2 protein chains.
Amino acid sequence: MPQSPLNVLIVHAHPEPKSFCAAMKDLAVETLTAAGHAVQVSDLYAMGWNPVASAADFQIRNDPDYLVYALEQRHAHAGNALAADIAGELDKLLWADLLILSFPLYWCSVPAILKGWIDRVLISGACYGGLRFYDRGGLAGKRALLSFTLGGQSHMFANEDAIHGDWEPMLRPLQRGTLAYVGFRVLPPFPAYHVPYIGDDARRKILDAYRLHLNNLDRLKPLRFPSMADFDRQLHPLTEVPA
Amino acid sequence: MPQSPLNVLIVHAHPEPKSFCAAMKDLAVETLTAAGHAVQVSDLYAMGWNPVASAADFQIRNDPDYLVYALEQRHAHAGNALAADIAGELDKLLWADLLILSFPLYWCSVPAILKGWIDRVLISGACYGGLRFYDRGGLAGKRALLSFTLGGQSHMFANEDAIHGDWEPMLRPLQRGTLAYVGFRVLPPFPAYHVPYIGDDARRKILDAYRLHLNNLDRLKPLRFPSMADFDRQLHPLTEVPA
């Protein structure tokens, strides 16, 4: 069954344009376009993206003397006065049905340039605010996917007894604290293991597996995260789990 | 019992110099200095710190045509050819017995400017490499502490049934994947809750509690992380846990 056409935003953040991570990004563009989807890419290194959240992000200020970043985001967004680079990325984000973050794993997280895309573009007011988060988040209805390369091997993240523990807690700030928080349904991540140490054959196998992942988006079961319906207005759990 | 004098590096990353987070940083400087410790502060916003890992970080290159960031770190560090801003921070880091990261929690992690300090300063070769990680990491013998402000309240992170789950998994990439990985003993974090919404009295109570935390460093029990002795050279667990 063919998937219905999607708008896809790939936010890519690798300092080497010839990297395997970039090859995965190119494969994603090719595969998704061939499947009839519309694709935009934000290549953060190529764009010279500024990752530093600061007062310069707002053309008007609610309080010019004391910066509370999230409050100024809400105010500047309402007044159409976000810095141009942020407004451009926010437009792409709101256009997208699917967000793919494409990056090399740095310190079990995204590189700083991509963290700064998250910090500056996921605007309070547009993407979350008040009790609008998790399944009531501002981006509910959209899907998101982490696609990343790493030096480690799969057994190092196989379960909680592995040397680095399981992926779920290691990726929790990104998949739960960020993507699920603003309302995305988060698809299973695609880790490309051991990349600096493998040859062309193994790399081709990863690309084949990634193509399959992207051609089966509708069959991927989203990860499970909290539902706001299970918490009261002060965000205490409505039902305590029996001891 | 007085603590023996320590060298302390505080890496601080808040865009508002009058923030409560900055007041906590100032209190830490004052408290630790009064206790006889030597303190240096890297105030990343004030320094205009560049968080973007790139080829410009290396004055010499192992492979000028293809950037593998960690390999070039190792090569440039060995050749004394790291960019000057990185070399300066690495000197402070190697000098320090205790590292305090001081920041507002952005997306359940550090702001991008601080992520870029981690990406660029925790140099492969000096801080980790090969099988030199966790309790065999390059910075073994040092201690580290996360000190952060957030809008959320403590019950939202009280345990795995809380709306955002427990702190341990949420902070895992920072405390385990970064600090413990390079060898730090990681002290219990100090979260300052609900900061944008509380008055002066509540803020004073937080500062009092933080002073106590800093005056009792030797009584704080480090968090537990994997020991390399429990894994083989391929990093498989040596003893499987019975089912």
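Keep in mind the model is a prediction, meaning the values are calculated, not measured.

**Things to note about the overall build of chain A**
A tally of helices and strands in chain A yields eight helices and six strands. Written out in order from the N terminus, the α and β elements of chain A read β-α-β-α-α-α-β-α-β-α-α-β-β-α. For 243 residues, the compact-globule estimate of 2.2 N^0.38 gives 18 Å, and the C-alpha radius of gyration of chain A, at 19 Å, lies within 12% of that figure. Based on the C-alpha atoms only, the size of chain A along its principal axes is roughly 55 × 50 × 40 Å. Here chain A holds 243 residues, and the buried ones make up 56% of them. For chain A, restricting intrachain contacts to residue pairs at least 6 apart in sequence, the fraction spanning at least 24 positions comes to 74%. The distance from the centre of the 22 positive side-chain charges to the centre of the 25 negative ones in chain A is 4 Å.

**Comments concerning the UniProt feature "domain: Flavodoxin-like fold" (unreviewed entry) in chain A**
Sequence positions flagged by UniProt for "domain: Flavodoxin-like fold" (unreviewed entry) are, in local numbering, residues 7-211 of chain A. End-to-end, the C-alpha atoms of residues 7-211 of chain A are 17 Å apart, and along that stretch the chain is 37% helix and 15% strand.

**A short note on the relation of the copies chain B and chain A**
Each copy superposes on the other: chain B lies on chain A with an RMSD of 0.0 Å after a rotation of 180° and an axial shift of 0.0 Å. Within this description, the copies of the chain are treated as partners about a two-fold rotation axis. A shared interface surface links the copies, since 100% of the contact residues of chain B are contact residues in chain A too.

**Here's the deal with the pattern of salt bridges**
As enumerated under the stated definition, the model contains 24 salt bridges over all chains in all. Overlapping salt bridges bring together A:Asp57, A:Asp85 and A:Arg120 as one network.

**Focus on the nonpolar core**
Membership of the largest hydrophobic core comes to 120 residues, with the highest contact counts inside it found for A:Leu93, A:Leu99, A:Trp117, B:Leu93, B:Leu99 and B:Trp117. Apart from residues lying up to four places away in sequence, A:Trp117 is in contact with A:Leu9, A:Val11, A:Leu44, A:Trp49, A:Glu89, A:Leu93, A:Leu99 and A:Leu122. Grouped together as the second largest cluster of nonpolar side chains are 22 residues, A:Ile10, A:Ala28, A:Leu187 and A:Leu217 included.

**Quick notes on empty space enclosed by the protein**
All chains considered together, the criterion is met by two cavities of 30 Å³ or more. Where the lining of the largest cavity is concerned, the elements lending two or more residues are α7 (172-180) of chain A together with α7 (172-180) of chain B. Taken together, the residues that form the lining of the largest cavity break down as eleven nonpolar, three polar and one charged. The set of elements that each furnish at least two residues to the lining of the second largest cavity consists of α5 (112-121) and α7 of chain B. Here the lining of the second largest cavity takes three residues from α7(B), the largest share from any one element. The residue makeup of the lining of the second largest cavity, split by class, is five nonpolar, three polar and one charged.

**Regarding the pairing of strand β2 (residues 38-43) of chain B**
Residue and element names in this part refer to chain B. In this sheet, β2 lies alongside strand β1 (residues 7-12) in parallel orientation, the contact comprising six bridges. Its bridge partner lying in β2, Val 11 is registered against Ser 42. With helix α1 (residues 20-34) bridging β1 and the parallel β2, this β-α-β connection has right-handed handedness.

**Quick word on the packing of aromatic side chains**
Taken as a whole, this structure holds 26 aromatic pairs over all chains when the rule is applied. For the pair A:Phe157 and A:Trp167, a centre-to-centre distance of 3.9 Å together with 0° between the ring planes defines the contact as stacked. Placement of the pair is A:Phe157 in the loop between β4 (143-149) and α6 (167-170) and A:Trp167 in helix α6, with a sequence separation of ten residues. Note on A:Trp167: relative accessible area 10%, which makes it buried. Between B:Phe133 and B:Tyr134 the ring centres are 5.6 Å apart and the planes differ by 55°, which places this aromatic pair in the tilted class. A relative accessible area of 3% means that B:Phe133 is categorised as buried. The structure contains a cluster of three or more aromatic residues connected by ring pairs, namely A:Phe103, A:Phe148, A:Phe157, A:Trp167 and A:Tyr193. Here A:Arg120 stacks its cationic end above the ring of A:Trp49, 4.9 Å away from the centre of that ring.

**Considering helix α5 (residues 112-121) of chain A**
Within α5(A), ten of the ten residues are buried, leaving the element largely enclosed by the surrounding structure. When we look at burial in α5(A), the residues that qualify are A:Ala112, A:Ile113, A:Leu114, A:Lys115, A:Gly116, A:Trp117, A:Ile118, A:Asp119, A:Arg120 and A:Val121.

**Focus: the interface of chain B and chain A**
Each partner contributes to the interface: chain B provides 57 residues, whereas chain A provides 58 residues. Summed over both partners, the interface of chain B with chain A comes to about 4,600 Å²; 64% of that surface belongs to carbon and sulfur atoms. If you sort the residues of chain B by the area they bury against chain A, B:Trp107, B:Ile163 and B:Arg172 come out on top, with a joint share of 19%. On the surface where chain B and chain A come into contact, there are two salt bridges. The salt bridge partner of A:Glu160 is B:Arg172, with a shortest N-O separation of 2.9 Å. The tally of links between chain B and chain A comes to 22 residue pairs in polar contact (both at pLDDT 80 or more). When contributions to the side of chain B that touches chain A are tallied by element, the ones reaching two or more residues are α5, α6 (167-170) and α7 of chain B. Per-element accounting of the side of chain B that touches chain A gives the leading share, six residues, to α5(B).

**Here we look at the environment of B:Asp85**
Residue and element names in this part refer to chain B. Inspection of the secondary structure puts Asp 85 in helix α4 (residues 84-95). Sequence spacing of Asp 85 and Phe 190 is 105 residues, and the spatial spacing of their C-alpha atoms is 28 Å. For Asp 85, the residues in contact, after removing those within four places along its chain, are Trp 49, Asn 50 and Arg 120.

Calculation criteria
- Residues numbered from 1 in each chain as written.
- Chains lettered and ligands numbered in written order.
- Predicted model: local features only at pLDDT ≥ 70, side-chain atom pairs only at ≥ 80, totals over all residues.
- Heavy atoms only, no water.
- Helix = DSSP H or I, 4+ residues; strand = E, 2+ residues; numbered from the N terminus.
- Rg over C-alpha atoms; globule rule 2.2 N^0.38 Å.
- Buried < 20%, exposed > 50% of the residue type's maximum accessible area, 1.4 Å probe, protein only.
- Contact = heavy atoms within 4.5 Å.
- Lys, Arg positive; Asp, Glu negative; His and termini not counted.
- Charge placed at Lys NZ, Arg CZ, Asp CG, Glu CD.
- UniProt positions renumbered as here; feature names shortened; annotations may be inferred.
- Least-squares fit on C-alpha atoms with pLDDT ≥ 70 in both.
- Salt bridge = Lys/Arg side-chain N within 4 Å of Asp/Glu carboxyl O.
- Core = buried A, V, L, I, M, F, W, Y, C linked by side-chain atoms within 4.5 Å.
- 1 Å grid on protein atoms, 1.4 Å probe; cavity = no way out; pocket = protein on both sides within 12 Å on 5 of 7 lines; lining within 4 Å.
- Points joined across faces, edges and corners; volume = space filled by probe spheres on them.
- Nonpolar A, V, L, I, M, F, W, Y, C, P; charged D, E, K, R; others polar.
- Pairing = 2+ DSSP bridges.
- Right-handed = clockwise from strand over helix to strand, strands pointing away.
- Phe/Tyr/Trp six-rings, centres within 6.5 Å; stacked < 30°, edge-to-face > 60°.
- Lys NZ or Arg CZ within 6 Å of the ring centre and 35° of its normal.
- Buried area = accessible area lost by both parts, 1.4 Å probe.
- Polar contact = N/O pair within 3.5 Å; in protein donor to acceptor, adjacent residues only side chain to side chain.

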